[in-house]
Amino acid sequence: MSKITPTFIKEVFDASRVIVPQQTLEASFEKVATEITQNHIKDNPIAVCVMNGGLFITSEIVKRLRFPLQVDYIHASRYGNEYTGANMLNWVKTPNINPQGRTVILFDDILDGGLTLAEVKRYYEDRGALNVLTAVMLDKKAPRDKGGLIKADYAGLEVENEFLFGFGLDYHGYMRNVPEIRAVDTKHMI
Ligand SMILES: O=P(O)(O)OC[C@H]1O[C@H](OP(=O)(O)OP(=O)(O)O)[C@H](O)[C@@H]1O
Ligand SMILES: Nc1nc2[nH]cnc2c(=O)[nH]1
């Protein structure tokens, strides 16, 4: 039977430590939303949520943008339940809105090795987007993968190189709903 039970998940939560409290996250959303407003108020952008992890940051930022924009989503994943990402993205769902000639802003929870956003950015560029920007809640101080995005155009906060969960980031599919960012204790890196 799988070890990943609700009881085990509670143990992992109890042994984890807070890295970014909710209030600090909120302030970073305000900062990123202000920057995006200053730069893109006239661009009629498509705000694209990179599912699953991008779900919460997309809604936090987009609700703070008081100008015309459209919202779309893609679902691409490279980690599954692993701690190291695969070299290839698993494309679960491609977007709906035609990006030809449009400004596109990609929203994701974290920039780590950087391949996810590099590949999604290239997907949009190949389909004729005018300009593709990236916005992340967290910029991890981790070595970027070969070909990975080096720097997001908009980043909320920098974090150390640890495995994190909360606010969209999962631990074996769980705890995306935790309202702060926490680090997994190394004994639970299974
Ligand atoms: O910069 P990278 O090293 O590519 O890692 C960042 C990606 O990893 C996570 O996604 P994951 O593949 O775990 O899928 P998920 O969003 O469904 O959790 C996260 O949501 C980012 O999309
Ligand atoms: N849950 C989770 N997913 C990631 N994908 C890339 N880095 C991370 C991380 O620290 N936590």
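Here the structure is a predicted model, which is why all the values come from computation and not from measurement. (Residues numbered from 1 in each chain as written. Chains lettered and ligands numbered in written order. Predicted model: local features only at pLDDT ≥ 70, side-chain atom pairs only at ≥ 80, totals over all residues. Heavy atoms only, no water.)

A.B. asks: Please give an account of the pairing of strand E6 (residues 131-140) that cites residues and values.
C.D. replies: When you tally the buried positions in E6, you get 9 out of 10 residues, the bulk of the element. In terms of strand pairing, strand E5 (residues 103-111) meets E6 through 8 bridges, oriented parallel. The residue bridging Ile110 from the neighbouring strand is Leu138, located in E6. You can see the chain leave E5, run along helix H4 (residues 115-126) and come back into E6, and the turn it takes is right-handed. Where E6 lies against strand E7 (residues 154-159), 5 bridges are found, and the strand directions are parallel. Residue pairing across strands places Asp139 opposite Glu158, the latter belonging to E7. (Buried < 20%, exposed > 50% of the residue type's maximum accessible area, 1.4 Å probe, protein only. Helix = DSSP H or I, 4+ residues; strand = E, 2+ residues; numbered from the N terminus. Pairing = 2+ DSSP bridges. Right-handed = clockwise from strand over helix to strand, strands pointing away.)

A.B. asks: Describe the nonpolar core, and please don't skip the residues or the numbers.
C.D. replies: Looking at soluble globular proteins, one finds that nonpolar side chains tend to be buried together. Formed by 26 residues in total, the largest nonpolar core has its most connected members in Ile36, Ile61, Phe107, Met137, Leu138, Leu164 and Ile181. Those elements giving two or more residues to this core turn out to be helix H2 (22-40), helix H3 (55-62), E5, E6, E7 and strand E9 (181-183). In terms of residue count, the dominant contributor to this core is H2 (5 residues). Among residues more than four places away in sequence, those in contact with Ile36 are Ile41, Ile61, Leu65, Phe67, Ile105, Phe107, Ala135 and Tyr154. Formed by 20 residues, the second largest nonpolar core is a distinct cluster that contains Tyr123, Tyr124, Val132 and Ala152. (Core = buried A, V, L, I, M, F, W, Y, C linked by side-chain atoms within 4.5 Å. Contact = heavy atoms within 4.5 Å.)

A.B. asks: So what about the side chain of Thr103? Which residues, and what values?
C.D. replies: Turning to its location among the elements, Thr103 is positioned in strand E5. Classification of Thr103 by relative accessible area gives buried; the value is 5%. Excluding anything up to four places from it in sequence, Thr103 contacts His40, Asp43, Pro45, Ile46, Leu130, Asn131 and Leu133.

A.B. asks: Outline the site of ligand 1, supporting the account with residue identities and numerical values.
C.D. replies: Surveying the vicinity of ligand 1 reveals 17 residues, the closest of which are Arg78, Tyr79, Asp108, Asp109 and Thr116. In the environment of ligand 1, an oxygen atom lies 2.7 Å from a nitrogen or oxygen atom belonging to the side chain of Asp109. Within the side chain of Asp170, a nitrogen or oxygen atom sits 3.5 Å from an oxygen atom of ligand 1. Computed on the free molecule, ligand 1 has an accessible area of 490 Å², of which 94% lies beneath the protein chains in the complex. Broken down by secondary-structure element, the contributors of at least two residues to the shell around ligand 1 are E5 and H4. (Near = heavy atom within 4 Å. Polar contact = N/O pair within 3.5 Å; in protein donor to acceptor, adjacent residues only side chain to side chain. Areas by Shrake-Rupley, 256 points an atom, 1.4 Å probe, with all protein chains shown as cover.)

A.B. asks: Go over the environment of Lys63 with me, naming the residues and quoting the values.
C.D. replies: Mapped onto the fold, Lys63 is located in the loop between H3 and strand E3 (70-77). Separated by 52 residues in sequence, Lys63 and Glu11 place their C-alpha atoms 34 Å apart. Reaching out from Lys63, the side chain makes a polar contact with the side chain of Glu60 at a distance of 3.4 Å.

A.B. asks: Tell me about H2, and please be specific about residues and values.
C.D. replies: Spanning 19 residues, H2 covers 27 Å between terminal C-alpha atoms, matching the ideal 27 Å at 1.5 Å per step. Of the surrounding elements, those touching the buried residues of H2 are strand E1 (17-20), H3, E5, E6, E7 and E9. (Expected span 1.5 Å × (residues − 1).)

A.B. asks: Account for the site of ligand 2, naming residues and giving values.
C.D. replies: For ligand 2, the full set of nearby residues is Tyr79, Ile110, Asp112, Lys140, Glu162, Phe163, Leu164, Leu169 and Asp170. Within the contact set of ligand 2, a nitrogen atom lies 2.7 Å away from a side-chain nitrogen or oxygen of Asp112. Taking Asp170, its main chain carries an N or O atom lying 2.7 Å from a nitrogen atom of ligand 2. Taken by itself ligand 2 offers 280 Å² of open surface, and the protein chains cover 92% of this. Residues that form the shell around ligand 2 fall into these classes: 5 nonpolar, no polar and 4 charged. (Nonpolar A, V, L, I, M, F, W, Y, C, P; charged D, E, K, R; others polar.)

A.B. asks: Talk me through the sheet that holds E5; I want residue IDs and the actual numbers.
C.D. replies: Sheets are built from strands paired through backbone hydrogen bonds, the pairs being either parallel or antiparallel. Pairing is mixed in the open sheet, where 6 strands are placed in the order E4-E3-E2-E5-E6-E7. Only two strands of the sheet have a single neighbouring strand rather than two, namely strand E4 (90-93) and E7. Shown here is a sheet whose adjacent strand axes are inclined to one another by a mean of 25°, direction ignored. Those strands touched by H3 are strand E2 (46-51), E3, E5 and E6, and its axis lies near 130° from that of E5. Strands E2, E3, E4, E5 and E6 of the sheet are contacted by H4, whose axis makes an angle of about 165° with E5. (Axes fitted to C-alpha atoms, helices over the stretch in contact; angles between N-to-C directions.)

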